[in-house]
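Each chain, letter by letter, is given below.
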Amino acid sequence: MHSAKVLIRKMASSLVSKSSPLRRPFTVIVEGNIGCGKTSFLEHYGKHEDVCILPEPVEQWRNLNGNNLLGLMYKDPEKWSFTFQSYVHLTMLENHLKPTTCPIKLLERSIYSARYCFVEKLSRDGLMSRPEAAVLDGWFQWVVSQNLVPVDLIIYLRTSPEVARERILKRNRPEEKAVSLPHLRALHDIYEDWLFHKTLFTCPAPILILNADLEMSVIESEYEKWEPYIFNKATSEAQAF
């Protein structure tokens with residue numbers, strides 16, 4: 001385990017040093033419940049050439065050497081949650097460490113929500129044992145303590161569980177058929193306690209809360225309204241280096 005930690009540290013150091021003359025981009029994590037509209041948000045900001053967009057690596061989760069870990073987790077969460085979340089933590093870490101020459105990096109979710117929201121819910125539901133949760137938390141705490149995953153801004157797409165459920169049904173991903181409204185409500189409560197009420201865990205960066213319940217025809221203008229804030233904040237942070 002010690003050698004693995006040394007390898008991760010060397011990899012992170014190498015990636016950060018190659019990312020840009022400013023050492024690293026202004027890093028934004030886009031957070032929210034399943035079906036909150038993260039993909040649409042990233043697509044909107046993907047129009048800017050100076051923004052690096054890193055979606056959730058869903059296809060990697062669906063095909064790890066021919067294994068659909070996402071499907072297995074939804075089919076039998078008690079058996080596969082630890083395996084799936086282990087890989088989620090790895091792929092999220094890879095996204096955090098991925099080099100870019102762009103001054104701004106937008107990540108769809110993060111290693112923080114993997115630990116604070118999803119592992120937390122699996123533990124509460126008894127679908128992940130205490131020793132399994134402790135192992136994932138141990139890795140997470142070490143990664144954070146090494147300053148491998150710094151974040152400059154959190155954008156919380158705040159959505160009601162009912163709206164999230166409607167959107168999930170519309171996009172019709174096969175693995176998400178088992179996602180129930182009670183599941184979304186429970187996950188929503190965890191997100192709220194973490195990012196809105198700030199009573200659960202710590203927040204690694206300032207939080208910008210957007211109303212993601214708006215209709216898609218309206219929400220585009222909401223995203224545009226906040227563009228100057230995000231870009232100006234990124235510019236001021238860069239000048240501080």
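As shown above, the structure is provided for reference.
Residues numbered from 1 in each chain as written. Predicted model: local features only at pLDDT ≥ 70, side-chain atom pairs only at ≥ 80, totals over all residues. Heavy atoms only, no water.

1. Describing the pattern of salt bridges
Alright, step 1. All chains considered together, the criterion is met by nine salt bridges.
Alright, step 2. With its nearest N and O atoms 3.0 Å apart, the salt bridge here joins Arg185 to Glu162. Of the two residues, Arg185 is situated in helix 9 (residues 181–196) and Glu162 in helix 8 (residues 161–171); the sequence distance between them amounts to 23 residues.
Alright, step 3. Looking at Glu162, the relative accessible area reads 35%, which means it is partly exposed.
Alright, step 4. Salt bridges sharing common partners tie together Arg115, Glu120, Arg124 and Asp137. (Salt bridge = Lys/Arg side-chain N within 4 Å of Asp/Glu carboxyl O. Helix = DSSP H or I, 4+ residues; strand = E, 2+ residues; numbered from the N terminus. Buried < 20%, exposed > 50% of the residue type's maximum accessible area, 1.4 Å probe, protein only.)

2. Re the nonpolar core
Note that soluble globular proteins tend to have their nonpolar side chains buried in a common cluster.
Alright, step 1. Among the nonpolar cores identified, the biggest contains 42 residues, and Trp61, Ile111, Tyr112 and Tyr191 are the most heavily contacted of them.
Alright, step 2. Setting aside chain neighbours within four positions, we find Ile111 in contact with His89, Met92, Leu93, His96, Phe140, Val143 and Val149. (Core = buried A, V, L, I, M, F, W, Y, C linked by side-chain atoms within 4.5 Å. Contact = heavy atoms within 4.5 Å.)

3. Examining the pairing of strand 1 (residues 26–31)
Alright, step 1. Of all six residues in strand 1, six are buried, a share of seventy percent or more.
Alright, step 2. Side chains Phe26, Val28 and Val30 project from strand 1 onto one buried face, and the interleaved Thr27, Ile29 and Glu31 project onto a second face that is buried too.
Alright, step 3. Sheet topology note: the strand 1/strand 3 (residues 104–108) ladder contains five bridges and is parallel. Across the sheet, Ile29 pairs through a bridge with Leu107, a residue of strand 3.
Alright, step 4. By the bridge criterion, four bridges tie strand 1 to strand 4 (residues 153–158) in an arrangement that is parallel. Counterpart to Glu31 in the pairing with strand 4 is Tyr156. (Pairing = 2+ DSSP bridges.)

Structural measurements only, silent on function.
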